[in-house]
Every structure is written in structure tokens, then in C-alpha cells.
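As a plain string of letters, each chain reads:
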Amino acid sequence: MIITFDGNVFVGKTSLIKELASLYDFNIIPEQGFFIKGEISSHAVTAEKQAIFLQSKYLQAENKRCLYINTTKTNLLDRSFVSMAAHIFALYLVNGIDIRDWFLNEIRRQTELGQIIIPDIFCFIKCDHKIIKERADKNKDRDTDQVYFNEKYLDAIEIFNQAWIKRVNGVTLDTGVTLPVLLAEKLIKEISSSALQHRFSSSQIIGYLQEILMQKNIK
């Protein structure tokens, strides 16, 4: 089984993943950025060419992450292709940089080649934007680009993730006021007591992505 955790920066995805892994001996698959350290000097994007270059790197990392799946354990995925899609949606909505068609074509190609991890359960991790900015101030050593703290950008990421979770019948967890250990226990209880596990086909994934990405007004 593969569970993914997507959402804005500094919402506590990695902390929750580590808590789950320590409690239940799950396998962690690091986020795409872990696999391309040193290859990207800046995440600031002002043009389509830059955006395509950056997302190409992340898609290459996604291919590498497939090798980290442990078929004998539950796998916890720190960000999935959903995070990439949400970023591309935000770039278009907030900055007018449109690489949506390019992304859909690349995702379709890599999915058909088995180079994209398709999770069984999607989790949207969220918290108040004020908390995000407070956490960012306390972790300035991570040198996260300021573009990711723009209020409109944060809103756009949430809009996309909320729309995605509706389509895949996923889970939403708010890390603003609840300790990671309690959230971990809540998630496991939800998974155990309901039919949350899904097997999504490539065509379903591409269809959902296209439906959300190509709409300006999400419902």
C-alpha cells in the first residue's frame, strides 16, 4: 500500500510521516527534492522555460523514487505528482505561467512507462497560513524561496488539493492544532475502518489532472 501526503510548504507533512513510520514501521519515500539536491540553484520562476526545466527535474526524480517502493511494507510518500500539479496550477492562476499542457503530456508518458508512483490513498495536509509563515520564520536555514509564502500561491495550492481530494475520496488532516502522533493514530484508524484504499488506473489519474488543471474556477 502507498499513502501520499501533499499540501503546502511547512504544514507538517514530513513530521507526520516520520511519526507514522516510527509507530508502525512503515517505509518512507523522500520527496522529489531529496533526489535532485545540487541540481537546482533557485526555485524562482518568471518564465515558462524555467518552469519546464524545474518540473522536468522533479519528474526525473519521480522515476528514481519508484525504486524505493517496498512491496512488503506500507509506503509513505512525501509528496506525489499531485504536489507538482498543484504547483503548476498555482503558477498559472497566480503568475500567468502556463505549462499545463506540457505537464499533462509528460505525466501521461511517464505513467504509461510506469515511472510515476500512483498512491492508493491520498492525504491532503493543511494548516492556517499564519502557522505556515511562523514555521518558515523558525526554519530560515532551509532557505525556502519566498514565492511559496505568497498568500495567493498558498490559496491556489489548497484549492487544487481540495479539488483533488474530492475526486479520489482522500483524507484531509489539519496539523495546526493537533500533535503528529494523534494525527497518525487518526489516519490509521480511518484507513482501517473504511474502504479508503483504491486502485487508480493511469487513465483515471490523467483524467482527474486534466479536469482540475484546465479549469480556472474549481468546484
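Draft legend 1. Looking closely at the pattern of salt bridges. For the structure shown, the criterion picks out seven salt bridges. Between Arg 79 and Glu 31 there is a salt bridge, with the nearest N and O atoms lying 3.3 Å from each other. Pair noted here: Arg 79 is in the loop between strand 3 (75-78) and helix 4 (81-95) and Glu 31 is in the loop between strand 2 (27-29) and helix 2 (32-35), with a separation of 48 residues, a long-range link. The class of Arg 79 is buried, set by a relative accessible area of 15%. Arg 167 is paired through a salt bridge with Glu 211; the nearest N and O atoms lie 3.2 Å apart. Of the two residues, Arg 167 sits in helix 7 (residues 151-168) while Glu 211 sits in helix 9 (residues 202-213), which places them 44 residues apart along the sequence.

Draft legend 2. Representation of unusual backbone geometry. A positive phi angle is found at Asp 25, which is not glycine, with a value near 55°. The phi dihedral of Arg 79 is positive, around 75°, even though this residue is not glycine.

Draft legend 3. Spatial organisation of the packing of helix 5 (residues 100-112) against helix 9. At a closest axis distance of 10 Å, the pairing of helix 5 and helix 9 adopts a crossing angle of 170°. Between helix 5 and helix 9, the angle is such that the two are roughly antiparallel. The residues of helix 9 that touch helix 5, namely those facing Arg 100, Phe 103, Leu 104, Ile 107, Arg 108 and Thr 111, are Ser 202, Ile 206, Leu 209, Gln 210 and Leu 213. Partitioning the contact of helix 5 with helix 9 into residue classes produces six nonpolar, three polar and two charged.

The rules behind each value
Residues numbered from 1 in each chain as written. Predicted model: local features only at pLDDT ≥ 70, side-chain atom pairs only at ≥ 80, totals over all residues. Heavy atoms only, no water. Salt bridge = Lys/Arg side-chain N within 4 Å of Asp/Glu carboxyl O. Helix = DSSP H or I, 4+ residues; strand = E, 2+ residues; numbered from the N terminus. Buried < 20%, exposed > 50% of the residue type's maximum accessible area, 1.4 Å probe, protein only. Axes fitted to C-alpha atoms, helices over the stretch in contact; angles between N-to-C directions. Parallel < 35°, antiparallel > 145°, perpendicular 65-115°, else oblique. Contact = heavy atoms within 4.5 Å. Nonpolar A, V, L, I, M, F, W, Y, C, P; charged D, E, K, R; others polar.

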